[in-house]
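Here's the letter readout for the chains.
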Amino acid sequence: MQISTAYGKQPEGSKVLPRNQYTAIRDEKPKSKEEAKRPEFKVCKFATDAIITEGNDVGTVHKVCSNPSCPVHHPKQQASREDEKWKAEQEKQRREQAIANATGLRILAAIGAAVPVRLMKRDLLFILERLVSLTDERRLEMLARQHGLRQKRDNGGIGKTFVAFIRRADESTLSKLLVASTILIAASRTNPATVLRDAATLYKVDTDAITQKVKAEFAAKMKAKKEAKANSKVVKAA
Ligand SMILES: [Zn+2]
């Protein structure tokens, strides 16, 4: 094989390969691991001896690879193969995701079809358990306290105590908890005052009366405290 060290086009019918049509393989050993990875330090099965007939070092013999489909010396080919592999992998993932989505939707539809017209205890419990897992500890404690539940020590937190409680609860309690926990979760994500007001309207709760009553109770407590303080002063003075 004859090669040129110049890049320019060869005249018609010339057997001399221009510089851009072969990769020269270096004779010397690579100096580092990094260098060893470079294609010009690798010998492939297409490598042949070639004589330089044009340009620098005319007459010297070198190992070259001139196979355009050589995976070692034509990284473009390699890159496009990697590209194809990557594309195929992407396509596979996309298809798997689409199957998973379609399956999920189908399952959801089947579940929907199995739900009775009026929710039964089993359904209420199912929804409530999911809601409980979404409710934060502080709000769950508020809810639990309304039902006389206190967190026992070493009992895995209020969540566990609460779930144990609802599993024993009757339909009426479950229904009440369902509404209450829905309000608490909605309140934690949006505007608590609005959520509470809307719920109060729906269930015809007189919020003004409750507000007045709470205010009165607090005032009474304050008064009792003040009086207790005054009395103790009188006692001390006496
Ligand atoms: Zn090669």
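The structure displayed is predicted, hence computed values, not measured ones.

*Asks:* Would you mind going over the pairing of strand β4 (residues 48-54) in detail, with residue names and values included?
*Replies:* The side chains of a regular strand alternate between the sheet's two faces. Pairing between strand β1 (residues 2-4) and β4: three bridges, direction parallel. Its bridge partner being in β4, I3 is matched across the sheet by I52. For β4 and strand β5 (residues 61-65), the ladder comprises four bridges, and the chain directions are antiparallel. Within the sheet, the bridge partner assigned to I51 lies in β5 and is V61. Here β4 hands over to β5 after six residues, with G55 in that stretch at a positive phi of 85 degrees.

*Asks:* Please give an account of unusual backbone geometry that cites residues and values.
*Replies:* The backbone of D57 sits at a positive phi, close to 55 degrees, despite the residue not being glycine. Inspection of the secondary structure assignment puts D57 in the loop between β4 and β5. Residue class for D57 comes out exposed when judged on the 10 C-beta atoms lying within 10 Å of it. Of note in the backbone geometry, K204 takes a positive phi value of approximately 50 degrees without being a glycine. Counting through the fold element by element, K204 comes out in the loop between α7 (192-202) and α8 (207-237).

*Asks:* Kindly report on the sheet that holds β4, identifying the contributing residues and their values.
*Replies:* Taken in spatial order, the five strands line up as β2-β1-β4-β5-β3 in an open sheet, and their pairing is mixed. Each edge of the sheet is formed by a strand with only one pairing partner; in this case those strands are β2 (16-17) and β3 (23-25). Across two bridges, β1 lies against β2 in parallel orientation. Residue pairing for β2: Q2 is matched across the bridge by V16.

About the criteria used
Residue positions are given per chain, counted from 1 along the sequence in the order it is written. Only residues with pLDDT of at least 70 get local features here, since the model is predicted, and only at 80 or more are side-chain atom pairs given and counted; chain-wide, interface and lining totals rely on the full set of residues. DSSP calls a pair of strands paired once it identifies at least 2 bridges connecting them. Secondary structure elements are defined from DSSP: runs of H or I of at least 4 residues count as helices, runs of E of at least 2 residues count as strands, and each element is numbered from the N terminus. We call a residue exposed when 12 or fewer other C-beta atoms sit within 10 Å of its C-beta, buried when the count reaches 20 or more, and partly exposed for counts in between; the C-beta positions come from the backbone.

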